[in-house]
Amino acid sequence: MRSHAHAAVCGLIVMSGAAMADQDDVILEVTGKIADGPATLDRAALQTLPSVTINTSTVVTDGVHAFSGVLMRDLLDSLNAQGDQVMAIALNEYAVGIPMSDFYDYDVIVASTMDGKALTRDGKGPLWIVYPRDDHEALQDIRYDYRWVWQLCRLDVR
Amino acid sequence: MRRRRSLWLILPLAAVLVFAVLLSFSLVRMFAVQNAMRVDAEKNMLWVFHQSDVAALRLTKTVALVELGEAAQDDLALWFDILSGRISLLNDGPQRRFVEKIGFGDDLDRLTDALVTIAPMIDGFTPEDGPRLRSALAPFTAVLGRAANASMIAEWDEFGGRLEVYRKQLHQNILSLIGIMVAGGILTVTLVLALRQSRVRNHMLRRERDFSGLLISSSGEGILAVDRAARCSLWNDAMAGMVGKTAEQVEGRRLSDVAGFFDIPPVRDGMAGALAGESSRLTLQPLFSGGRGTPLHVDLRFFPMRNDGVILGAILFMHDASDRHAAQQKDAEDRDRLEELVSERTRDLDSALRRERSAADLYHDFAAMVSHQFRTPLAVADSALQRLIRRGPRADAREMAERAGRARTAIAGLTRLVDSTLDAARLDAGQIGAHREECDLNEIMQIACKHQRDAAPDRRIETRQAPPGQATVFCDPALAEQILENLLSNADKYAVPETTLFVTLHGDGESLFCDVHNTANPIPSKDRARLFERNHRGSNSVGVAGTGIGLFMARTLARMQDGDVILLSDDDGVTFRMTLPRGREPQT
């Protein structure tokens, strides 16, 4: 199934006719109370921030997985975000408000790979908000579980 | 009473047991509920199916819009990826298991396979593919709609069941809590009662302790207590007064260091005995303490101090019995004085009795004396008077005078003898003493010899006088004469017939000696020792007249005048010596 998804992505890339499309495509848009907003970020822009890996289980998968990406607070700091809440919006228009304090209380990341493989749009990609669930008992709660937004495409700082 | 006490013990124990069991049970139940809540609250499959259904519908709608030319190819690819992500999610572990549980496993596999056939149509979409693609997507909304329905029912069933389990568990917990409350109530009541009882007991104990303390401190008896190491732990005022040390000085110290009195063997042994569990007592032990010249006399009582059979120390009661000791001393003194008085009285009585006896003896002897001593002058007088009668008219005046004079001399001697004997008897009875004066022993000797010659004319008597002026002695002349007459009469009786008696007077610086010697067999040694005893008659006296009183009288009379009569050792006869002092002072 996953291999099919990859095939689909590859097909999409070939069809767009750009060899490095996956590096240059905008994968995250940040709007709201930031310094020079709205900002659009591609993979290369995200890779300028320090990479962080979290090993944790999730409520929708079995076992423990290694998620790599950038810390949400690093990302927001780099954009000089000033709000109390961040609205995370997925490709299917799923939207959830996350308090800014979460990112400073916990090492919440915007993961782009799981177990070393890039997250894709026909899976949970391209970006997945991952909490260090196994490290904090407080995070093993349904009220945190709905903040794990996959297929993330936009952040609105409010 | 005992049943009540055991109830008081059993009830709280049972309550504690019930309390612990119910609490453990409740805790286990609570943990179970907590765990169940945490795990089960994470599932929300209805939402997953709904989102998947929405993705399928949006994809179908996008297909129609693309056919109409109102949407782009990218929108189609986006919604296809979103639907693929949803199906992928449903195929992940937890979601897949739930799908199979509600019986949609095969349907999901079919949808997954359908995605593979749909993918090429999306990539190379042309408006002609529209109807085929929509019909290929039709099963998605149908399956996902039914799955959502089934999911809702399954989740509500599970939720209802879980609530029922929670309710049961909570119900059990409520019952447990009621049990815990009851047990806690019992425990609380027991505790309150125990506390009240304890307070009452403490109060009583404190009162008793205060009372004991008051008794100890106000006791006239000295009281001290020691611990097992014989260190002083209690020392009351009376003890301080007796020993002369205050409680502060002695508490915590060993008794042997406190005062020497506690180190004397009987006290030390008593204390050691009490520490070994033996009670004992000592009476009237002298207690010297600093600053007192005379000792107190104290009675001591030692007791072990026990608690539950274990010896904790010893206690010593010390009672000042000096008064009793003084009374005993006085009693003893009184008794001694009484005994002394009695013995003195007894001595007086004995002496009186002895005097009475000796008086009686003398009176008794007096008869013997009469027969023995008085016969001689009576015989002289009788013989002179018989001759005179026989001569009758033939006797001339000179002869009459001479014979009558001889009779009178004998009678005068007899009179003297009677006087002297009476005096001696009185003296012997302790009534009078000798009438001692300075007199010439030569004269006395001549008188005695003359009387002896008158009594026994056949016996020759040779005298040897002391030099003139050298014969003065201090004595009673009558007694001295009587002594010599006794010795002469004795010598005459026991002398060999036809032999001569020798009377020799001589002396030294202090005494005069008058030796009366007669020729005879020596006196056997067995008789010598008893020779001077009253009424003793020697073994050679058989057939010789006598009472055995002569030598006794001679010695008694001589000693009365600080003189003596002794038997001298002699080879050719028997010699008695009379000794009389020259001067007033007795010889020493």
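Refer to the structure above for everything that follows.
Residues numbered from 1 in each chain as written. Chains lettered and ligands numbered in written order. Predicted model: local features only at pLDDT ≥ 70, side-chain atom pairs only at ≥ 80, totals over all residues. Heavy atoms only, no water.

Caption draft 1: Representation of the overall build of chain A within the structure. Scanning chain A from terminus to terminus reveals six helices and ten strands. A buried classification covers 50% of the 158 residues belonging to chain A. At a minimum sequence separation of 6, the contacts of chain A that also span at least 24 residues come to 60%. (Helix = DSSP H or I, 4+ residues; strand = E, 2+ residues; numbered from the N terminus. Buried < 20%, exposed > 50% of the residue type's maximum accessible area, 1.4 Å probe, protein only. Contact = heavy atoms within 4.5 Å.)

Caption draft 2: Main features of the environment of leucine 557 of chain B. Checked against the element boundaries, leucine 557 of chain B lands in helix H16 (residues 550-560). Sequence separation between leucine 557 of chain B and glutamine 482 of chain B is 75 residues; the distance between their C-alpha atoms is 8.6 Å.

Caption draft 3: Representation of the pattern of salt bridges. Under the counting rule described, the total for this entry stands at 30 salt bridges over all chains. Its salt-bridge partner being arginine 121 of chain A, residue aspartate 81 of chain B comes within 2.9 Å of it at the nearest N-O pair. Within this pair, whereas aspartate 81 of chain B is found in helix H3 (residues 73-91), its partner arginine 121 of chain A is found in the loop between strand S8 (117-118) and strand S9 (128-130), the two belonging to separate chains. Between glutamate 158 of chain B and arginine 162 of chain B there is a salt bridge, with the nearest N and O atoms lying 3.7 Å from each other. On the criterion of helical spacing, the pair formed by glutamate 158 of chain B and arginine 162 of chain B is a turn pair, its members being four residues apart in helix H6 (residues 130-218). (Salt bridge = Lys/Arg side-chain N within 4 Å of Asp/Glu carboxyl O.)

Caption draft 4: Local environment of the interface of chain B and chain A. At the junction of the two partners, chain B supplies 26 residues and chain A supplies 23 residues. When chain B packs against chain A, the two sides together hide about 2,200 Å² of surface, and 54% of this comes from carbon and sulfur. Across the contact surface, chain B and chain A share four salt bridges. Counting every contact that joins chain B to chain A gives six residue pairs in polar contact (both at pLDDT 80 or more). Contributing elements (two or more residues each) for the side of chain B that touches chain A: helix H2 (45-68), H3, helix H4 (93-101) and helix H5 (105-123) of chain B. (Buried area = accessible area lost by both parts, 1.4 Å probe. Polar contact = N/O pair within 3.5 Å; in protein donor to acceptor, adjacent residues only side chain to side chain.)

Caption draft 5: View of the sheet that holds strand S12 (residues 574-581) of chain B. Residues and elements named next belong to chain B. Read across the sheet, five strands follow the order S7-S9-S10-S12-S11 without closing on themselves; strand pairing throughout is mixed. The sheet is open, and its two borders are formed by strand S7 (460-464) and strand S11 (564-568), each paired with just one other strand. Recorded for the sheet is a direction-independent mean angle of 20° between the axes of neighbouring strands. Across five bridges, the pairing between S7 and strand S9 (residues 500-507) is parallel. Paired with threonine 463 across the bridge in S9 is valine 503. Docked against the sheet, helix H13 (residues 441-455) engages S7, S9, strand S10 (511-518) and S12, running at close to 175° with respect to S7. The strands touched by H16 within the sheet are S11 and S12, with S11 carrying the most contacts at an inclination of about 130°. (Pairing = 2+ DSSP bridges. Axes fitted to C-alpha atoms, helices over the stretch in contact; angles between N-to-C directions.)

Caption draft 6: Region of the structure containing a nonpolar patch on the surface. Residue and element names in this part refer to chain B. On the surface, a cluster of nonpolar side chains totalling about 400 Å² of accessible area is made up of Leu46, Met152, Ile153 and Trp156. Looking at the nonpolar patch, the element that brings in the most residues is H6, giving three residues. A relative accessible area of 44% places isoleucine 153 in the partly exposed class. (Patch = residues over 30% accessible without salt bridge, like charges linked within 9 Å, V, L, I, M, F, W, Y side chains within 5 Å. Areas by Shrake-Rupley, 256 points an atom, 1.4 Å probe, with all protein chains shown as cover.)

Caption draft 7: Structural detail: the sheet that holds strand S2 (residues 39-42) of chain A. All names here are of chain A. With respect to topology, five strands assemble into an open sheet ordered S2-S1-S10-S5-S6, the strand pairing being mixed. A single partner strand is all that each edge strand has here, and the edge strands are S2 and strand S6 (95-99). Here the average twist between neighbouring strands, direction ignored, is 20°. Note: strand S1 (residues 26-32) against S2, four bridges, orientation antiparallel. Bridge pairing links glutamate 29 to threonine 40 in S2.

Caption draft 8: Layout of H2 of chain B. Residues and elements named next belong to chain B. Its 24 residues give H2 an end-to-end C-alpha distance of 35 Å, which sits within 8% of 34 Å, the value for a rise of 1.5 Å per residue. Within H2 the residues assigned to the buried category are Met45, Val48, Phe49, Gln51, Ser52, Asp53, Ala55, Ala56, Leu59, Thr62, Val63 and Val66. Buried residues in H2 make contact with H3, H4, H5 and H6. Two residues or fewer after H2 comes glycine 69, characterised by a positive phi angle close to 80°. (Expected span 1.5 Å × (residues − 1).)

Caption draft 9: Structural detail: the packing of aromatic side chains. Inspection of every chain in the model, using the stated rule, returns eleven aromatic pairs over all chains. Between the aromatic rings of tryptophan 128 of chain A and tryptophan 148 of chain A, the centroid separation amounts to 6.2 Å while the plane-to-plane angle is 70°, which identifies the pairing as edge-to-face. Highlighted residues: tryptophan 128 of chain A in strand S9 and tryptophan 148 of chain A in the loop between helix H6 (142-145) and strand S10 (152-157), separated in sequence by 20 residues. No difference in accessibility class separates tryptophan 128 of chain A from tryptophan 148 of chain A, as the two residues are buried. Cluster of aromatic residues (ring-pair linked, three or more members): Phe67, Tyr106, Trp128, Tyr131, Tyr144, Trp148 and Trp150 of chain A. The ring centre of tryptophan 150 of chain A lies 5.6 Å from the NZ or CZ of lysine 124 of chain A, which sits over that ring. In this arrangement the basic side chain of arginine 555 of chain B is found over the ring face of phenylalanine 532 of chain B, its NZ or CZ atom lying 3.6 Å from the centre. (Phe/Tyr/Trp six-rings, centres within 6.5 Å; stacked < 30°, edge-to-face > 60°. Lys NZ or Arg CZ within 6 Å of the ring centre and 35° of its normal.)

Caption draft 10: Spatial organisation of the side chain of glutamine 169 of chain B. Topologically, glutamine 169 of chain B is positioned in helix H6. Beyond its immediate stretch of four places on either side in the chain, glutamine 169 of chain B contacts Arg29, Ala32 and Val33 of chain B.

Caption draft 11: Expanded view of the packing of H2 of chain B against H6 of chain B. Residue and element names in this part refer to chain B. In the contact formed by H2 and H6, the axes pass within 8 Å of each other and the chain directions differ by 165°. When the axes of H2 and H6 are compared, the pair comes out roughly antiparallel. Crossing angle aside, the handedness with which H2 passes H6 is left-handed. Along the lines of polarity and charge, the residues of the contact of H2 with H6 split into 16 nonpolar, six polar and four charged. (Parallel < 35°, antiparallel > 145°, perpendicular 65-115°, else oblique. Left-handed = near helix turned anticlockwise from the far one by under 90°. Nonpolar A, V, L, I, M, F, W, Y, C, P; charged D, E, K, R; others polar.)

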